[in-house]
Structure formats: C-alpha cells, structure tokens
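Fold and geometry: a report
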Amino acid sequence: MTSPRLETTRLLLRPPIEQDVNGWAGLDGDARAVEFIGGLKTRNQAWMDMATAAGMWSLRGCGLFSVIEKDTGRWVGRVGPWLPEGAIGTEDGWAISPTAWGKGYATEAAHAAIAWAFDHLGWTDVIHCIDAPNAASIAVAERLGSTWLRADHEAGGKEVQIYGQSRDAWRAANR
C-alpha cells in the first residue's frame, strides 16, 4: 500500500513516522491538549500510541495522519480516520498542539481527512467522538458540517457525544 499524502493550503498530512515522536510526546505531555483525550502521557506512552497509530495503517489501511505545517515543516498535530477494534463507528478525530491553536488547523486537516476517507475508504458516514465539555472540538465538528447524533460509550466505557454526517450530506455541502 502506498502511504497517502494529503495537502491543504497550509498543511501536509501523512502517516506518522518515528521522527514525529517529539511532536507527539509534546502534545501528549501538555495538560491543555489532552484534557479531553485521555490525560497526560509519558514520552514512552506517547511513542507507543504513535506506533499504534502507525500500525493501524498496515492493519486497516487508514489511521491518524501527522499534520505538518508546510511553511515550517513543524509537526502540529494528528488528525484522521480512526477505526480501532470495538470502534463506535467510522471516526475522524483530531488533536492539535496548543502552540498551533487558533489557526483553523483542526478544521482544515479534518476536512481533508474526511474527504479522503469518503473517496478512498468508501466510508458512507463519519462520526466524531467528543467529550461533552469540549466546546472547541464541538465547534470544529460543526464547522465540518457534522451535527449531534447521540450520546454513546467508547470501548473503555467513557461517555462521549457523537457528532457526524453522511457521505451524501458531506458531498452536497462541499461541491
């Protein structure tokens, strides 16, 4: 399988590589960044999670993309299709480093990743699993055209709010 590389106006999205560990660990070591996505992690735990994300590409043909600023080459986050064992549905998720917050990167990168999932994975819908108090991620989901669908529980039992949309709705809004 050829690794996909997506480009937006300002960003490059590609599967994670080992050299991304500093950015990955920096995000996972920032309490603001991980407040709603599992809490602080050590560098070793971040490396293991990055390796899991990289491995999903081999096992499922999709996974989180590393998000790179085109102008600087700086790793700024992870975004993309997430489909682990026991998944609630075909999810597109995002986590952007606080140093890059407020630039619209989550929306820009997630938009590209959703389009790719619909076009290359054949997904017929996409969901986003979001903690109820995470207003910033809810705003991203809504900017992407997703609406609240229901409350549900992830595989570990954590309650999340499910936002999402169908491929047909996405395509109608993004002609």
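Residues numbered from 1 in each chain as written. Predicted model: local features only at pLDDT ≥ 70, side-chain atom pairs only at ≥ 80, totals over all residues. Heavy atoms only, no water.

Moving on: the overall build of the protein chain. Scanning the protein chain for helices and strands turns up 6 helices and 8 strands. Relative to the 2.2 N^0.38 estimate, which gives 16 Å for 175 residues, the radius of gyration of the protein chain is 15 Å and therefore close to what a compact globule would have. Principal-axis analysis of the C-alpha atoms places the extent of the protein chain at approximately 40 × 35 × 35 Å. Here the protein chain, with 175 residues, has 47% of them falling under the buried criterion. Summed over all atoms, the accessible surface of the protein chain reaches about 8800 Å², with 52% contributed by carbon and sulfur. In the protein chain, which carries 17 positive and 21 negative side-chain charges, the distance between the mean positions of the two groups comes to 5 Å. (Helix = DSSP H or I, 4+ residues; strand = E, 2+ residues; numbered from the N terminus. Rg over C-alpha atoms; globule rule 2.2 N^0.38 Å. Buried < 20%, exposed > 50% of the residue type's maximum accessible area, 1.4 Å probe, protein only. Areas by Shrake-Rupley, 256 points an atom, 1.4 Å probe, with all protein chains shown as cover. Lys, Arg positive; Asp, Glu negative; His and termini not counted. Charge placed at Lys NZ, Arg CZ, Asp CG, Glu CD.)

The subject of this paragraph is the nonpolar core. Soluble globular proteins: nonpolar side chains tend toward being buried together. Ranked by internal contacts, the top residues of the largest apolar core, which has 31 residues, are Leu11, Leu13, Phe65, Val67, Val79 and Trp94. Every element with two or more residues in this core is listed here: strand S2 (11-14), strand S3 (65-69), strand S4 (75-82), strand S5 (91-96), helix H4 (105-121), strand S6 (125-130) and helix H5 (135-143). With 10 residues, the top contributor of residues to this core is H4. With near-sequence residues (within four places) excluded, Leu11 lies in contact with Leu6, Val67, Ile68, Glu69, Lys70, Val76, Tyr105, Glu108 and Ala109. Counting 14 residues, the second-largest nonpolar core is a separate cluster that includes Trp24, Ala53, Ile68 and Ala95. (Core = buried A, V, L, I, M, F, W, Y, C linked by side-chain atoms within 4.5 Å. Contact = heavy atoms within 4.5 Å.)

Another point: the packing of aromatic side chains. Tallied over the entire structure, the rule returns 5 aromatic pairs. Ring plane angle 65 degrees and centroid distance 5.0 Å describe the contact between Trp57 and Phe65, whose orientation is recorded as edge-to-face. Judged on exposure class, the residue Trp57 and its partner Phe65 are both buried. Aromatic ring contacts, followed pair by pair, group Trp57, Phe65 and Trp116 into a single cluster. One Lys or Arg, Arg32, reaches over the ring of Trp101 and ends 5.8 Å from the middle of that ring. (Phe/Tyr/Trp six-rings, centres within 6.5 Å; stacked < 30°, edge-to-face > 60°. Lys NZ or Arg CZ within 6 Å of the ring centre and 35° of its normal.)

This part covers the pairing of S5. Of all 6 residues in S5, 6 are buried; the element is thus mostly enclosed. Sheet topology places S4 next to S5; 6 bridges connect them, and they run antiparallel. Bridge assignment links Pro81 to a residue of S5, and that residue is Asp92. (Pairing = 2+ DSSP bridges.)

The subject of this paragraph is the pairing of S2. Across the two faces of S2 the burial is the same, with Leu11 and Leu13 and Leu12 and Arg14 all buried. Relative to S2, strand S1 (residues 6-7) runs antiparallel, the two being bridged by 2 bridges. In the strand pairing of S2, Leu6 is matched with Leu13. Linkage of S1 to S2, two consecutive antiparallel strands, is achieved through a turn of 3 residues. Strand direction decides the pairing type here: S2 and S3, joined by 4 bridges, are antiparallel. The residue of S3 that forms the bridge with Leu12 is Ile68.

Assignment of secondary structure puts Thr8 in the loop between S1 and S2. Side-chain polar atoms of Thr8 contact the side chain of Glu108, separated by 2.4 Å. (Polar contact = N/O pair within 3.5 Å; in protein donor to acceptor, adjacent residues only side chain to side chain.)

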